[in-house]
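# Observations on chain architecture
The primary structure of each chain is shown beneath.
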Amino acid sequence: MVNWNLIRSNEGNIFSREIRKSIVSFMTMHHPCSVVNSIEKKYNAYKIHLMDGLCLIFDAEGRYVRTN
């Protein structure tokens, strides 16, 4: 289950309420048991790095773009 309370980023701390609901929904549906290693918030995208090595990329609106 995806459950973030406080996320560390290069810009400081990001609270979970700032993460787009669509990203949380996507993670819950497609990667329910994955562990999030880090989240990068850029001006136009979110990069979510999982412990298994996958990197999920979402646009600024929280829509899934691709997996690296």
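Keep in mind that this is a model prediction, so the values were computed, not measured.

### Thoughts on the side chain of D59
The topology assignment puts D59 in strand β5 (residues 55–59). Among the polar contacts listed, one links the side chain of D59 to the backbone nitrogen of R63, at a separation of 2.8 Å. For D59, the residues in contact, after removing those within four places along its chain, are N44, A45, Y46 and V65.

### Considering the confidence of the model for the chain
Scored by pLDDT, the chain has a mean of 78; 72% of the residues are at 70 or more. Taken element by element, the chain is modelled with least confidence in strand β1 (residues 6–9), mean pLDDT 51, and with most confidence in strand β6 (residues 64–67), mean pLDDT 95.

### Remarks on the sheet that holds strand β3 (residues 36–41)
Read from one edge to the other, the open sheet built from four strands follows the order β3-β4-β5-β6, with strand pairing classed as antiparallel. What marks the edges here is a single partner per strand, and that holds for β3 and β6. Pairwise comparison of adjacent strand axes, ignoring direction, gives a mean angle of 20 degrees for this sheet. Inspection of the sheet shows strand β4 (residues 45–50) paired to β5 by five bridges, in the antiparallel sense. Looking across to β5, one finds that I48 is bridged to L56.

### Re the pattern of salt bridges
One pass over the structure, following the stated rule, counts two salt bridges. The partner of K42 in a salt bridge is E40, and the shortest N-O contact between them spans 3.8 Å. The residue D59 makes a salt bridge to R63 at a minimum N-O spacing of 2.9 Å. On the basis of relative accessibility, which here comes to 18%, the residue D59 falls in the buried class.

About the cut-offs
Residues numbered from 1 in each chain as written. Predicted model: local features only at pLDDT ≥ 70, side-chain atom pairs only at ≥ 80, totals over all residues. Heavy atoms only, no water. Helix = DSSP H or I, 4+ residues; strand = E, 2+ residues; numbered from the N terminus. Polar contact = N/O pair within 3.5 Å; in protein donor to acceptor, adjacent residues only side chain to side chain. Contact = heavy atoms within 4.5 Å. pLDDT = per-residue confidence, 0-100. Pairing = 2+ DSSP bridges. Axes fitted to C-alpha atoms, helices over the stretch in contact; angles between N-to-C directions. Salt bridge = Lys/Arg side-chain N within 4 Å of Asp/Glu carboxyl O. Buried < 20%, exposed > 50% of the residue type's maximum accessible area, 1.4 Å probe, protein only.

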